[in-house]
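The primary structure of each chain is shown beneath.
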Amino acid sequence: MYVQSTNIAIPKTISWHDKPVETGIYKIPTPKAIYLGKTGVKNDFIGDTKVHGGTHKACYLFSTDHYPYWKKLYPDLDWNWGLFGENLTINGLNETQVMVGAIYKVGNALIQITQPREPCFKFGVKFGSQDIISKFIAHGFPGTYAKVLEEGYVETNATLKLVDEPDRSLSVKQLFQLIFSRNKNADLLDIAINNDALPSKLKTILSR
């Protein structure tokens, strides 16, 4: 896996139920390296810090592999890296193989995989239809958030090198399906709840 593009948000105000809402989902590629900080990417705009940014969502990664699928469904969008709101567009990222809790070295930073992205209304606004949310969930390849264990700069073409991986874990795709499935797999649920990489809020939701 390697970094195809580094992306930073352009602050934008959208309309939701006739009310202005600021969002950082409109990201564009940057020619310079970006700095991954403990609670977010430096100079990256975050519209709602309650659900974005912070320790367990400091950086969002999305795969180049999924771009062709969505481009066929939404060909009229302004397609460029960062379209899904990711800070790092990763070539070769596969959610069925990337494990929650795995630690990677990328550039000068050390990151840990924490949780998949759960789409919200802002995602729907950007794609021009709230139907994208159910389609995104059904497709099952959401990208992943990461915790920054060691801050540092990351530039295009930087390789993601696996440093450590939990002996007992589940993949990003498995966790994503677990979050949205009505009948949850008991074994996977136990693994998720006992995974130290997951934020306590998500563990509480799953334990219910």
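Just above sits the structure.
These notes cover the structure that comes with them.

Rules of the game
Residues numbered from 1 in each chain as written. Predicted model: local features only at pLDDT ≥ 70, side-chain atom pairs only at ≥ 80, totals over all residues. Heavy atoms only, no water. Buried < 20%, exposed > 50% of the residue type's maximum accessible area, 1.4 Å probe, protein only. Helix = DSSP H or I, 4+ residues; strand = E, 2+ residues; numbered from the N terminus. Arc of directions from axis to C-beta. Contact = heavy atoms within 4.5 Å. Polar contact = N/O pair within 3.5 Å; in protein donor to acceptor, adjacent residues only side chain to side chain. Core = buried A, V, L, I, M, F, W, Y, C linked by side-chain atoms within 4.5 Å. Salt bridge = Lys/Arg side-chain N within 4 Å of Asp/Glu carboxyl O.

Examining helix α5 (residues 186-193)
Turning to step 1, where the next piece is worked out: Of all the positions in α5, only Leu-188, Leu-189, Ile-191 and Ala-192 are classed as buried. Buried residues of α5 fall within an arc of 160 degrees about the axis and therefore sit on the same side. Every exposed residue of α5 that faces more than 90 degrees away from the buried side is listed here: Ala-186 and Asp-187.
Turning to step 2, where the next piece is worked out: Elements that come into contact with the buried residues of α5 comprise α4 (172-180) and α6 (200-207).
Turning to step 3, where the next piece is worked out: The distance from a side-chain oxygen at the start of α5 to the backbone nitrogen of Asp-187 is 2.9 Å, and the residue carrying that oxygen is Asn-185.

Some remarks on the nonpolar core
Turning to step 1, where the next piece is worked out: If you look at the biggest cluster of nonpolar residues, it comprises 38 residues, and the most contacted ones within it are Leu-36, Leu-61, Leu-88, Leu-175 and Leu-206.
Turning to step 2, where the next piece is worked out: In contact with Leu-36, not counting residues within four places along its chain, are Val-41, Cys-59, Leu-88, Ala-109, Ile-111, Val-148, Glu-151, Gly-152 and Val-154.

So, the pattern of salt bridges
Two side chains that carry opposite charge are able to pair once their charged atoms sit near each other.
Turning to step 1, where the next piece is worked out: With the rule as written, the count across this model stands at two salt bridges.
Turning to step 2, where the next piece is worked out: A salt bridge links Asp-44 to Lys-27, with the nearest nitrogen and oxygen atoms 3.7 Å apart. Taken together, the residues span a long stretch of sequence, with Asp-44 in the loop between β6 (40-41) and β7 (59-63) and Lys-27 in strand β4 (residues 27-29) at a distance of 17 residues. The pair Asp-44 / Lys-27 is uniform in exposure class, with both members buried.

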